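If you want the building blocks of each chain, they are given just below.
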Amino acid sequence: MKARGHNRFIILIASLLVIATLAFVSSVQAQTPITNTLTLTNNEQRNFLGGFLYITPEDNTKLNASTIATRHINNLRGKRADQNIVNINAQSTPIWIALSVKNNSTTKDWVLHFGDVSDARQAFVKNMMVFEHHTQTVLFSSMDATEANERMPQAQMYSMHKNALPISIAPGETQLYVLKIAHEGPFIGSITPSLMTNKHYVESIQNEGLLTNSFKIIMLLFCGFILAIALTKKAFAYLIFGIYTLLQAALITAINQNFLTPYGIMPDLITLLLISTIFTKWLSSQIFFSKTSYDDKSMLALVSVGGIIMVCFIISLFISNTASTLNNILIMGPIFIAILTGLAFSVVLAYSNRTDSLYLAGSWLALFVGFSFQIATNYNLIPTNAININNFWVII
């Protein structure tokens, strides 16, 4: 039986290695032809903007929307995005984005959409401004109380805070848009910008509701399964696994429902939710360590690492958002150490006297791999694609 358990553990490790290999060698984004202007047609309901975006980091010079637009027109452009998913967190400062669009369709009303979790979007944006060059109009600005914001209906303001902005492009016209985006929070600064018709946007909301509800049903069914086991075996400690599942579902939902966070509170709350999820993972692991020689040691590790995580999180609240790298290290560093410590304890326990702890070690290993991909993608150590971003949600 012990050999069989070891074989299963080896199979799990091999599976995770396959996932890692796929993440490095594949890209789920369709590469867009190198061209300066996106052309809208009646054939496409949704047009991904990767390949048409030119990104310029904010520097010490006094850049503004008009300057970026003039540079773009004169072929002094920023770095071209080469895929649909753009990692804006790769820059430690706000970025400027230039986008030229020609409308060859018969549709006037479009929606600038920044993606959701299913599109591998994780970014939280503290400040954003959208400027149309030809009419010298600020379409939206979270930094100033512009006339455009005052005219914007409340429903559209809500959609903007979620991930979308309605824009108008008359058929036959070419428009040049300039965006300024400032990212915040420790999560990957990934956006998947696209232009879609109003009709497609409404359909995407309806489909998103279906997918979200299906996900919630699956999570609730799993929690019901855990509850049934707990009641049948009268092992109520197992309920902690259900809480862990609910926290993971809440984490995904919170990221999906929030995009523009001008007051900076939501990213901190969601980070606290992530920390709570890791704590719950540790508490669920204590079931395996109970009545073993590692019981007290694992609890001491939980309290110690948990204390370090909370102290670093509190310190990060008082550090300026301009020091994004330091903030990320303070938050993600201790969490990474906590996951690595949990993995080490579970492996030692599994190879000493509890073969069933191989499953615990496998769950910690999956969390370790998924979190490692999050960190590596955040700093552009590996490609920013949907596999590398979303495998954290898949393999945990």
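Predicted model, so just to flag it, every value in this text is computed and none were measured.

A.B. asks: So what about unusual backbone geometry? Which residues, and what values?
C.D. replies: Phi is positive for N75, close to 65°, though the residue is something other than glycine. Take N75: it is sitting in the loop between α2 (65-73) and β4 (79-80). Residue Q136 is not a glycine yet carries a positive backbone phi of 55°. Along the chain, Q136 falls in the loop between β8 (124-132) and β9 (137-141).

A.B. asks: Help me get a handle on the nonpolar core, residues and values and all.
C.D. replies: Ranked by internal contacts, the top residues of the largest apolar core, which has 42 residues, are W282 and I335. Every element with two or more residues in this core is listed here: α6 (239-257), α7 (265-289), α8 (295-317), α9 (324-350), α10 (357-378) and α11 (386-395). Apart from residues lying up to four places away in sequence, I335 is in contact with L274, I275, I278, I309 and F371. One finds L49, F52, M128 and Y177 within the second-largest nonpolar core, a separate group that totals 31 residues.

A.B. asks: So what's going on with the sheet that holds strand β10 (residues 164-168)? Which residues, and what values?
C.D. replies: Taken in spatial order, the four strands of this open sheet run β2-β13-β7-β10, and their pairing is antiparallel. Each having just a single partner strand, β2 (46-48) and β10 make up the two edges of the open sheet. Neighbour to neighbour, the strand axes of the sheet diverge by 25° on average, direction disregarded. Two strands pair when backbone bridges link them, and β2 and strand β13 (residues 194-197) are joined in this way by three bridges, in the antiparallel orientation. Following the sheet pairing, N47 is matched in β13 by L195.

A.B. asks: Which residues make up the side chain of N87, and what are the values?
C.D. replies: Looking at where N87 falls in the secondary structure, it is placed in strand β5 (residues 86-87). A relative accessible area of 11% places N87 in the buried class. In terms of polar contacts, N87 uses its side chain to reach the backbone carbonyl oxygen of T377, at 3.0 Å. For N87, the side chain forms a polar contact with the main-chain oxygen of N378, separated by 3.4 Å. Those residues in contact with N87 that lie beyond four places of it in its chain are I188, G189, S190, T377, N378, N380 and T384.

A.B. asks: I'd like a description of the pattern of salt bridges, backed by residues and values.
C.D. replies: Opposite charge on two side chains makes pairing possible when the charged atoms of those side chains draw close. Applying the stated criterion across every chain yields a total of two salt bridges. Here D119 makes a salt bridge to R46, at a shortest N to O gap of 3.2 Å. One end of the pair, D119, is in the loop between β7 (109-113) and β8; the other, R46, is in strand β2, and 73 residues separate them in sequence. Like D119, the residue R46 is buried in the burial classification. With its nearest N and O atoms 3.8 Å apart, the salt bridge here joins K180 to E58. On the criterion of sequence distance, the pair formed by K180 in strand β11 (residues 174-184) and E58 in the loop between β3 (53-57) and α2 is long-range, its members being 122 residues apart.

A.B. asks: How would you summarise the packing of aromatic side chains if you had to cite specific residues and measurements?
C.D. replies: Per the counting criterion, the structure on display carries five aromatic pairs. Here W282 and F345 contribute two aromatic rings whose centre-to-centre distance is 6.3 Å and whose plane-to-plane angle is 70°, an arrangement assigned as edge-to-face. Highlighted residues: W282 in helix α7 and F345 in helix α9, separated in sequence by 63 residues. The burial state of W282 is the same as that of F345; both residues are buried. Their ring planes at 40° and their centres at 5.4 Å tell us that F336 and F368 sit as a pair that is tilted. Here F368 lies in helix α10 and F336 lies in helix α9, a separation of 32 residues in the sequence. What links up through ring pairs into an aromatic cluster is the set W282, F345 and W364. Between R77 and the ring centre of Y54, over which it is positioned, the NZ or CZ distance is 5.6 Å. When the ring centre of W364 is taken as reference, the NZ or CZ atom of K281 above it lies at 5.3 Å.

A.B. asks: Tell me about the environment of A65, residues and numbers included.
C.D. replies: Residue placement: A65 occurs in helix α2. On a C-alpha basis, the gap between A65 and V138 in space is 9.3 Å, while along the polypeptide they are 73 residues apart. What A65 contacts, discounting residues up to four positions off in sequence, is W96, M129, F131 and V178.

A.B. asks: So, the confidence of the model for the chain: which residues are in play, and what are the values?
C.D. replies: Within the chain, residue pLDDT values average 79, and 81% of them lie at 70 or more. At the low end of the mean pLDDT range in the chain sits helix α1 (residues 2-25), at 48; at the high end sits strand β6 (residues 95-103), at 94. Low confidence marks residues 20-34, where pLDDT is under 50. Its contacts with residues over four positions away, or in another chain, come to 32 contacts.

A.B. asks: Can you tell me about a nonpolar patch on the surface, naming the residues and giving the values?
C.D. replies: Residues L227, L231, F236 and L239 make up a contiguous nonpolar surface patch of roughly 360 Å² in combined accessible area. Summarising the element assignment, L231 is placed in helix α5 (residues 198-233).

A.B. asks: Tell me about α10, and name the residues and values.
C.D. replies: Taking 1.5 Å per residue as the helical rise, α10 with its 22 residues ought to reach 32 Å, and the 31 Å between its terminal C-alpha atoms agrees with that figure. Along α10, 17 of the 22 residues are buried, which leaves the element largely enclosed by surrounding structure. The positive-phi residue at the C-terminal boundary of α10 is N380, with phi of around 60°.

Rules used in this analysis
Numbering of residues starts from 1 in each chain and follows the order in which that chain's sequence is written. Whole-chain, interface and lining totals are the exception, using all residues; otherwise, since this is a predicted model, local features are given only for residues with pLDDT of at least 70 and side-chain atom pairs are given and counted only at 80 or more. Derived side-chain values reflect all non-hydrogen atoms in the structure, with water molecules and hydrogen atoms excluded from consideration. Each helix is a run of DSSP H or I of at least 4 residues and each strand a run of E of at least 2, with the numbering of both proceeding from the N terminus. Buried Ala, Val, Leu, Ile, Met, Phe, Trp, Tyr and Cys residues form a nonpolar core when they are joined through side-chain atoms within 4.5 Å. Burial classes follow relative accessibility: with a 1.4 Å probe on protein chains only, a residue under 20% of its type's maximum area counts as buried, one over 50% as exposed, and anything between as partly exposed. When checking whether two residues touch, look at their non-hydrogen atoms; a contact exists if any pair is within 4.5 Å. Pairing between strands is defined by DSSP: at least two bridges between them are needed. Only the contacting stretch of a helix is used when fitting its axis, a line to C-alpha atoms as for every element, and angles between N-to-C directions run 0 to 180 degrees. Polar contacts, as counted here, are pairs of nitrogen or oxygen atoms within 3.5 Å of one another; within protein the pair requires one atom able to donate a hydrogen and one able to accept it, and residues that are adjacent in sequence qualify only if both atoms are side-chain atoms. When a carboxyl oxygen of Asp or Glu is within 4 Å of a side-chain nitrogen of Lys or Arg, the pair counts as a salt bridge. Side-chain rings of Phe, Tyr and Trp, where Trp is taken by its six-membered ring, are said to pair if the distance between their centres is within 6.5 Å; with planes under 30 degrees apart they count as stacked, over 60 as edge-to-face, and otherwise as tilted. Only Lys NZ and Arg CZ are tested; either one counts as a charge over a ring when it is within 6 Å of the ring centre and within 35 degrees of the ring normal. Every residue carries a pLDDT, the predictor's confidence in it, which falls somewhere between 0 and 100. Each patch is built from residues that are more than 30% exposed by relative accessible area and take part in no salt bridge. Like charges join if they lie within 9 Å; nonpolar side chains (Val, Leu, Ile, Met, Phe, Trp, Tyr) join within 5 Å. For every accessible area listed, the method is Shrake-Rupley and the probe measures 1.4 Å; residues are considered covered only by the protein chains on display. Expected helix span is given by 1.5 Å per residue-to-residue step, counting one fewer step than there are residues.

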